[in-house]
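Chain residues, written in single-letter form:
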Amino acid sequence: MNQLKSPLLKIENLQTQFKTSEGIIKAANNVSFEIYPGEIIGIVGESGCGKSVTALSIMQLIPKPHGEIKEGQILYRNKNILDLNEKEMQKLRGNEISIIFQEPMTSLNPVLNIEKQLTEQMLLHLGLRHKEATIKAIELLEIVGMPDPKSILKKYPHNLSGGMRQRIMIAMAISCNPKLIIADEPTTSLDVTIQAQILETLKSICKTSDTALILITHNLGIIARYAKRVIVMYAGKIIEEGNAIDIYHSPKHPYTLGLLRSVPKLNNSYNTKLEAIPGNPPDLNNLPSGCSFQSRCFLANEKCNIEPPMTAVSEQHWSACWNHTELNEH
């Protein structure tokens, strides 16, 4: 964390929930973290742990009436954006804060061509003329590695491959030079060469324009390469947070250790089996008392029946585990 700067975004005790026929699901449960200008942080965890819900909460895109942000604050430049109305949020989205969605086919409008969708927010937020916006759209498509960008502008989403649609979404996200980019699995449908190109582009944007990046992904290799700080989520809560080097070399939560052990390593022999985390994530509608991970944890004991608080294990490393000191032996 850069103590010389104020946080660009600070989330305090965010609680986002959904009403279902079976009860209330707390998809983001008392989530708190901050990100500074120019910083890249990674958020990791299994599917359903609350990563994407946290991202949608920041953008105020939680589907209503079944979903709602029940409690907490989301402070962007010291202003609680949860107090903004829809018109004010529209000025913020895409301009100050942008998001790269996980599913581009459901995020792009099927009846509008790429030129219309890519230039729309530049016309709105940057005040460009149509010709100027079109020129910049071509430049953006070149940045994200699109072949023959002029012809791409005239195509529709269904004319493009999944990887091409994803690159369109990334171009849209960076088009207005936002100060915060939320990338939700931004390179899932891209081949490895384009992945590297896109991620290096995002890294360069953060470095040159002091833009902050929240990188949400299952790919721990990407997080290790690009994120300065790592947030680990489980069952809607943050269970470990710290400097990326500390998290990877000395994890202080059994769940984080399990995630790291499930990643293939180049120095493993050909017959080495990956270690899967036993069991399944808990039902968010019926969470156990105490630590939500205890039914899958090899260190679980009676203390785990009480929910562990986030505790500092070093200057920039926190863990929500009663038994984190015992992980040194594993």
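Our subject is the structure that appears above.
So, how was this worked out
- In this numbering scheme, every chain counts its residues from 1 along its sequence in written order.
- Owing to the predicted nature of the model, reporting of local features is limited to residues with pLDDT of at least 70; listing and counting of side-chain atom pairs is limited to 80 or more, with chain, interface and lining totals taken over all residues.
- Note that water and hydrogens are dropped before the side-chain values are worked out from all heavy atoms of the structure.
- Every helix listed is a DSSP run of H or I at least four residues long, and every strand listed is a run of E at least two residues long, numbered separately from the N terminus.
- To get the radius of gyration, use the C-alpha atoms; to get the globule rule, take the number of residues to the power 0.38 and multiply by 2.2 Å.
- Exposed residues in this analysis have more than 50% of their type's maximum accessible area, buried residues have under 20%, and partly exposed residues fall in between, with area computed by a 1.4 Å probe over protein chains only.
- Any two residues whose heavy atoms approach within 4.5 Å are treated as being in contact.
- Accessibility throughout is a Shrake-Rupley quantity obtained with a 1.4 Å probe, and a residue counts as covered only by protein chains that appear here.
- The convention is simple: Lys and Arg are positive, Asp and Glu are negative, and His and the chain ends are not counted.
- Just so you know, the charge point we use is NZ for Lys, CZ for Arg, CG for Asp and CD for Glu.
- For each structure, a 1 Å grid was placed over the protein atoms alone; sets of points admitting a 1.4 Å probe that cannot get out are labelled cavities, open sets with protein on both sides within 12 Å along at least five of seven lines are labelled pockets, and lining residues have an atom within 4 Å of a point.
- Grid points are joined across faces, edges and corners, and a volume is the space filled by probe spheres set on the points.
- Amino acid classes used here: Ala, Val, Leu, Ile, Met, Phe, Trp, Tyr, Cys and Pro are nonpolar; Asp, Glu, Lys and Arg are charged; the rest, including Gly, are polar.

### Observations regarding the overall build of the protein chain
Secondary structure assignment for the protein chain yields 11 helices and 12 strands. For 330 residues, the compact-globule estimate of 2.2 N^0.38 gives 20 Å, and the protein chain sits close to it at 21 Å. Residue burial in the protein chain is summarised as follows: out of 330 residues, 49% are buried. Within the protein chain, counting contacts between residues at least 6 apart in sequence, those at least 24 apart form 65% of the total. Of the accessible surface of the protein chain, which amounts to about 16,400 Å², a share of 52% is contributed by carbon and sulfur atoms. Taking the 34 positively charged and 33 negatively charged side chains of the protein chain as two groups, their mean positions are separated by 6 Å.

### A short note on the layout of surface pockets
Rolled over the atoms, a probe as big as a water molecule pinpoints where empty space is left. Its boundaries defined by the atoms lining it, the largest pocket holds a volume of some 590 Å³. Along its surface, the largest pocket is lined by 21 residues, and F101, S107, E120, Q121 and M172 are the ones closest to its centre. Tallying contributions element by element places helix α4 (residues 114–126) first for the lining of the largest pocket, with five residues. Looking at the lining of the largest pocket, its residues break down into 11 nonpolar, eight polar and two charged. Its volume calculated, the second largest pocket comes out at about 380 Å³. Along its surface, the second largest pocket is lined by 22 residues, and K237, I238, I239, M310 and A320 are the ones closest to its centre. Put simply, the parts of the chain that give the lining of the second largest pocket at least two residues each are β2 (23–35) and β10 (237–243). By residue class, the composition of the lining of the second largest pocket is 13 nonpolar, six polar and three charged.

Shape descriptors only; they carry no functional weight alone.
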